[in-house]
Amino acid sequence: MDPRTFINTAKPEMLTELGDAWIALGADFEELFTQYVDAVTKVNGTHWEGRCADAAQARALADQKTMQTLADKLDALGQRAKQGYDEINAPLRRARGALTEAQNRRYLIGRTLSLTHPDANPSAEESQKLLDLQAELNDAVRATMQADITVRNDLDTARADLRASFISAAALGAVQASGDGKQLADDPSKLSPEAVQRITEAGHLTPEQIAALQRGDTTTIPASQMEYLNQISRSLDGKSTTEIQQIMSKLPPDAQKALANSFQIISNPSVSAGPVAADDKQLPNGGKGGLGQIPKSMHDVLTNHYDVSQGKPAPNIGGLGLSKVTEMIGQADMGSMPGSEINKSLLQRAAEIAPQVDSHTLISTDHRDGSADGLVQRMVEVAGQDKGAVHDVLHGDGLEPGNTTNKILDPLMRHHWNDDGTAVGKMLSWIETDATSADVGTSRRAGEAASGLAEYVAKGPSDLLHVDGGKSHSLGDINPHAVQGISSALSPYIANLAGVDGEKYLNTPGFKAPDGADDVYRAGAQKIFAVIDSDKDAAIQFNARALDTAGQLQTLWTQSVLADPNTSENGLATSSGILLGLVDKGIDTELNARSVTGVGDAIHNFADKGAAYDGFKGAVTSGVKMIPVVKDLFGPVIDMSNSYAKMNLIGMSYTPPDTGSSHVDNSHEFFPARQFYQVAQVIQAQDGILPHDPRYSSLFEADGRLKDYQHSVGAAGSGIELHSELMNILKTYKGGALKDELQNMSTLVLQGREGVR
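Please read all numbers here as calculations on a predicted model, not as lab measurements. (Residues numbered from 1 in each chain as written. Predicted model: local features only at pLDDT ≥ 70, side-chain atom pairs only at ≥ 80, totals over all residues. Heavy atoms only, no water.)

Asker: Can you help me understand the overall build of the protein chain in this one?
Answerer: Of the regular secondary structure elements, the protein chain holds 33 helices and 6 strands. Every one of the 757 residues in the protein chain was classed for burial, and the buried ones make up 52%. Taking as baseline every contact in the protein chain between residues at least 6 positions apart, the subset at least 24 positions apart corresponds to 75%. Only carbon and sulfur atoms are counted for the fraction: they give 50% of the accessible area of the protein chain, which is about 32100 Å². (Helix = DSSP H or I, 4+ residues; strand = E, 2+ residues; numbered from the N terminus. Buried < 20%, exposed > 50% of the residue type's maximum accessible area, 1.4 Å probe, protein only. Contact = heavy atoms within 4.5 Å. Areas by Shrake-Rupley, 256 points an atom, 1.4 Å probe, with all protein chains shown as cover.)

See below:
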C-alpha cells in the first residue's frame, strides 16, 4: 500500500472497538466461571459438602484461577489496543491536516506524498512554503507509520502470549485431548499447529513442580493437564510399541520429547491432580500417576518377564517391545522427571535379563534389532538418569513383589558390561552431589539411597572381590567404573562408616551404616573399603577422602577440647583412628584377595601397599574433591580447599603401617608428630597465632604461621624432635589446658586404629 492510500484509509478507531470487545470477553469469561464455582459450592441453595464436593470445588477453583489468568491477558490485550488508537490517531490527524492544506493550495500530490507547485516558476516565497509543508507532512506520515508498526508488533506479541495461554497445560482438557489423541493415533502428520503445541505443553512441568520431584516430594498439576495426558495415553492403547514409536517419529523434535515426557509424568505416582471425585472417569487412579496410566502395550512390555529362548539365528529374549520403550523413553527429559515408574521398571527388567545374556544373545529373532546385552546396558543408561527411580531401587521402595535392593543391584554389579560398568556408576553419581545439600529432604534421600548401596556392598549375596566365585576376578577388575560409582556415592558417608553419630556431628542425614554404632571392628565397613580398593582410581579417591575425614574428626575433637576440656568429644578421636584402621585393613584385604586370584599387580599399577598409600597422600594435595561433612559445632572446620591447610593436615601426614616398604620414604615420618602438628594447626586457625617460647621460633614463618610439615621437621631435626617441641608448645597453651588431653587423644586414635586391625 502506497503512503497516500495508507493515510487516507487508516481507521485507528477500530482499535478502540476491538479493545472494548476483548475486555468485555474477558469479563464474560470471569463471570461465567464465577457462576461455575457458585454452582458447585451451593446446590439448591445449600452448601455442598463431602469428598465429591471437595474434589468438584477444588477443580472449579483451579479452573477459575486459570480463566482469571486468561481474562487478565484479554484485558491487557484490549487496553493495549485502546492505547494504540491514541498513539496512531494523533500523528495521523497531523498528516491529514497537511494533506488538506496542500489541496487548498492546489498542490499536486503524488502517491508517495510528494508535493508539486502548480506554477512552473513559483516565487522564492512560494517555493519555501511548499518545502515547509512537505517537511511537516513527511514528519507526520513517518510518525504515523512508526506508531502503527509499534502497536501492531505489541498486539502480535500479546496475541501470541494469549494463544499460548489458551493451549497451556492449565487450559487443556479431555475434549481437546480426545480430538488430538484420535488424530495422533490416525495420522500425526495432519495434526494442526495448535494440537502439536498442546501436546508439547502437556509434556512439561513448571520449575517449581520439577524441584518438588527432585526433593522427593509430591507435586500437583492442573486437573485439565492430567485429563489431557490420560486421554492421549488412552488413544494409543490399541497401538503396539513399534507403532507408538513410529507415531512419535512423525512429530516435530520438541513434540517427540514432550510425548516421551508425558509418559514419564503420567507414570509418576508423585504427580497428581489434587482432590478428585471418585467417579471422575477422566481422572482414573484417583488422579495420580502410575504405571497403569501409560499406553497398554508399553505397560505390558515393562511388566513382562523375559527369558532367553533358543532360536535362529541365535538365542534371544523376545524383547523388541522393551527395546522400543527404552528408545522412546530415552528421548525424555530424564533429569527433570524423577520418580517415574517406567524407569523403575526398566531397572528391574535390566536386572532380570542381565545374568541371562552375553554378547551373542539377540533382542529378537531378527539380528537387525541388535544384541540383548546392548539393550540391557541402554536400559540402565536411560533409567539410571532418574534419581527418584534409583533411590527407590536402593531404598527398596515400591519394588515389584519379591524384588529387593540386593536382587536388583547384584546382577547389575556383577554383569560383565561392555562399558566397564560406566552406566551403573553414573546411576549412582547424584548421591554425592545431594548428600550435603542444604535442603534436608534432598540430603536425606541421598543418605537413604547410599544406605542401601552400603548394605549391599557390605553384606550382599556375592563376594565382590571374587565376582564369579572361587578365585575369579574382583569387581574392580571387571567393572572399574561401577566401583568408582560406589566410591563417589559413599564418600560423603565415610565418617558414618566409622561409627560417627550422623545426626549429632555430620551434615549427611539419612544414612544408616551397615555396622552397629558400638562395633569397633566395623566388618561391613572393612568390606566396603576392600571392594573400593579393587580399582586403583576409586581407591585413591575414597581413601584420600577417608584420610581427610579423619582429619576433620580430629579437628572437631580438638575444637571440643578447646571449648571445654571436661566435655571433650572423645568418640571423635576414636573414630578418626577407626578410619585409619579401615584404610589399613581395606588394602590388606584387597591385596590378599588379589594374591588368591592370581591377578598381576600391573593390572592396578599398585605395586604394593606402600604405592597405594603414596597415591592416597598425593591425592589429598591435588585433584580430590574434599567436602566438609562435619558440623560446625565449635567453630568452622579448617577449609580443606585452602592449599596451605590441606598440605598440613591428616591426609598428607598418614604413615602406612608397613614402615619397611621400599615404596614409601618414611625418613621424615613420625605419626605422633603429625597428630600434634594438626592440633597446632587447629589452634592457629582458631586464634590466628600459636603462642610459643622463642626457643621454637625456627618452626614458624616470619609472619608467625607454622611452617609446613616437612620444613618443620627440617627445622626441628627429625619427626621425633618435632613431636617433642610441639608437645612442649601445646602443653603450655592456656596454662596447660591441653596437657592431659593430648595424651588422651593419642591413646584414643591408637585404640580405634588397632580395634579395626
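Asker: Would you mind showing me how to read the pattern of salt bridges here?
Answerer: Side chains that carry opposite charge are capable of pairing whenever their charged atoms lie near each other. All told, the structure shown has 28 salt bridges when counted by the stated rule. With a closest N to O distance of 2.7 Å, Asp434 and Lys387 form a salt bridge. Linking Asp434 in helix α18 (residues 429-435) with Lys387 in helix α15 (residues 387-395), this pair joins segments that are 47 residues apart in sequence. There is no split in this pair, since Asp434 and Lys387 are both buried. For Arg444, the salt bridge goes to Glu503, with nearest N and O atoms at 3.8 Å. (Salt bridge = Lys/Arg side-chain N within 4 Å of Asp/Glu carboxyl O.)

Asker: I would appreciate a short explanation of the packing of aromatic side chains in the present structure.
Answerer: A ring pair, where both rings are aromatic, is described by two values, the distance of the centres and the angle of the planes. Taken as a whole and judged by the stated rule, the model has 3 aromatic pairs. Aromatic pair Tyr493 and Phe511: ring centres 4.6 Å apart, planes at 15°, arrangement stacked. One end of the pair, Tyr493, is in the loop between α21 (480-490) and α22 (494-497); the other, Phe511, is in the loop between α23 (502-505) and α24 (523-532), and 18 residues separate them in sequence. On the basis of relative accessible area, Tyr493 is assigned to the buried category, the value being 0%. (Phe/Tyr/Trp six-rings, centres within 6.5 Å; stacked < 30°, edge-to-face > 60°.)

Asker: Looking at this structure, how should I read the side chain of Glu725?
Answerer: By secondary structure assignment, the location of Glu725 is in helix α32 (residues 719-731). Nearest to the buried, unbridged Glu725 among oppositely charged side chains is Arg695, at 8.9 Å. Ignoring sequence-local partners within four residues, the contact set of Glu725 consists of Tyr696, Leu699 and Ala716. (Lys, Arg positive; Asp, Glu negative; His and termini not counted.)

Asker: What is the right way to look at helix α14 (residues 372-383) in this model?
Answerer: For α14, which comprises 12 residues, the first-to-last C-alpha distance of 16 Å matches the rise-based estimate of 16 Å (1.5 Å per residue) to within 8%. In terms of burial, α14 is a largely internal element, 9 of the 12 residues being buried. Turning to α14, its buried residues are Ala372, Asp373, Leu375, Val376, Gln377, Met379, Val380, Val382 and Ala383. Of the surrounding secondary structure, the elements contacted by the buried residues of α14 are α12 (320-329), α13 (341-353), α15, α16 (405-414) and α17 (422-427). (Expected span 1.5 Å × (residues − 1).)

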